[in-house]
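Understanding the architecture of this molecule
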Amino acid sequence: MDYRQVETWMRELQTHISDGLSETSGDGQWRNDEWKRPEGGGGLTLVMENRLVIEKAAVNFSAVSGESLPAAASAARPALGGRSFRATGVSVIVHPRNPYAPTSHFNVRFFCAEKPGAAPVWWFGGGFDLTPYYGFDEDCVYWHQTARDACKRFGDDVYPRFKRWCDEYFFIKHRNEARGIGGLFFDDYDAGGNFARAFAFAKSIGEHYPKAYLPIVEKRMHTPWGQRERNFQLYRRGRYVEFNLVYDRGTLFGLQSRGRTESILASMPPCAQWRYDYQAEPGTPEARLAEYFLKPRNWTGG
């Protein structure tokens, strides 16, 4: 297990993803916000706001440490409570301005829990998911085919397992609806104790995220839209906020570990709406989102 090797790769991944977003959108420079955490560690937050293509995006790198694991990180491993920890990761959220261009989320993280006289316990987590406001079958198929490609060399069961986990995780229980069309989600992953294999899998997920997302943004970012589409986008963004504040493990871990609030909540969209008892008109693209696209399905046909 080589924590420094992982941290170095995370820094490189942040640069790779942010450069790709800049090139695709043509929206220019990021605001660089380097920060320190009093309890240990720090990070670099890259933020882009109010641009022509990207209304808001954040690409965050962090490498933090502490004397005890927060509850959000040790919930699945209660025996690790009280251990010191080191954690590093990259998280990405992109909210395009155009309602026909979907929001996307990505993160990859590495935890190492330690105590004197015992072997370190480590694991990777992460994944990526897509939240369209107006669905396109070809985008959904391409997104999931790329997710499947990211998992292919690690076993035939990996994509179906982590795709199903994503469908289950990104589900807004109090609304009884999915947040988006899913993708991949994994946590507590150590490839049976094989660090090299687990790290290679995390790298593959990181490398495939921009391959999956940027072509979709490029295809949709100049589609004509009006106030109707904007209103629906803002309504659906409200659902995104609800999930992040109520269920998201990354948000909970960041707040519980006294992380930097500005960076943790950089994933929030700049504008959102909550409309009382909204019902989409039958037969419209807005109704089709809920009736068709937000239902878990096999997009790859395999």
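Definitions and cut-offs
Residues numbered from 1 in each chain as written. Predicted model: local features only at pLDDT ≥ 70, side-chain atom pairs only at ≥ 80, totals over all residues. Heavy atoms only, no water. 1 Å grid on protein atoms, 1.4 Å probe; cavity = no way out; pocket = protein on both sides within 12 Å on 5 of 7 lines; lining within 4 Å. Points joined across faces, edges and corners; volume = space filled by probe spheres on them. Helix = DSSP H or I, 4+ residues; strand = E, 2+ residues; numbered from the N terminus. Nonpolar A, V, L, I, M, F, W, Y, C, P; charged D, E, K, R; others polar. Pairing = 2+ DSSP bridges. Axes fitted to C-alpha atoms, helices over the stretch in contact; angles between N-to-C directions. Contact = heavy atoms within 4.5 Å. Salt bridge = Lys/Arg side-chain N within 4 Å of Asp/Glu carboxyl O. Buried < 20%, exposed > 50% of the residue type's maximum accessible area, 1.4 Å probe, protein only.

Right, let's get into the layout of surface pockets. There is about 840 Å³ of room inside the largest pocket. Around the largest pocket sit 44 residues that line it, and Ser91, Gly250, Thr251, Phe253 and Gly254 are the ones nearest its centre. Taken together, the elements giving at least two residues each to the lining of the largest pocket come down to strand 3 (54–66), helix 2 (71–74), strand 4 (84–96), strand 5 (103–114), strand 9 (182–189), helix 6 (227–246), helix 7 (249–256) and helix 8 (261–264). It is strand 4 that contributes the most residues to the lining of the largest pocket, seven residues altogether. Among the residues forming the lining of the largest pocket, the class breakdown is 21 nonpolar, 15 polar and eight charged. As for the second largest pocket, its lining consists of 21 residues, and the residues nearest its centre are Glu177, Arg236, Ala290, Glu291 and Leu294. Those elements that place two or more of their residues in the lining of the second largest pocket are strand 8 (177–178), helix 6 and helix 9 (285–293). If you tally residues by element for the lining of the second largest pocket, the top one is helix 9, at five residues.

So, on to the sheet that holds strand 5. Within the open sheet, the seven strands sit side by side as 1-2-3-4-5-6-9. Their pairing is antiparallel. Each edge of the sheet is formed by a strand with only one pairing partner; in this case those strands are strand 1 (31–36) and strand 9. Averaged over neighbouring strand pairs, the angle between their axes works out to 5 degrees when direction is ignored. Pairing of strand 4 with strand 5 involves eleven bridges; the strand directions are antiparallel. Bridge pairing in strand 5 places serine 91 opposite asparagine 107. Seen against the sheet, helix 5 (residues 195–220) touches strand 4, strand 5, strand 6 (121–131) and strand 9 and runs at an angle of roughly 15 degrees to strand 6.

Right, let's talk about the pattern of salt bridges for a bit. Considering all chains together, one arrives at 19 salt bridges under this definition. Salt-bridge contacts for arginine 109 lead to aspartate 187; the nearest nitrogen and oxygen are separated by 3.6 Å. Of this pair, arginine 109 sits in strand 5 while aspartate 187 sits in strand 9; the two residues are 78 residues apart in sequence, bridging distant segments of the chain. For the pair formed by arginine 109 and aspartate 187, the shared burial category is buried.

Before going further, it helps to examine unusual backbone geometry. Even without a glycine there, the phi angle at aspartate 188 is positive, about 50 degrees. Residue aspartate 188 is classed as partly exposed on the basis of its relative accessible area of 23%. One non-glycine residue, aspartate 277, adopts positive backbone phi at about 50 degrees. Its place among the elements puts aspartate 277 in the loop between helix 8 and helix 9.

Moving on to helix 9. All buried positions along helix 9 are accounted for by Glu286, Ala287, Leu289 and Phe293. The elements touched by buried residues of helix 9 are helix 3 (137–151) and helix 6.

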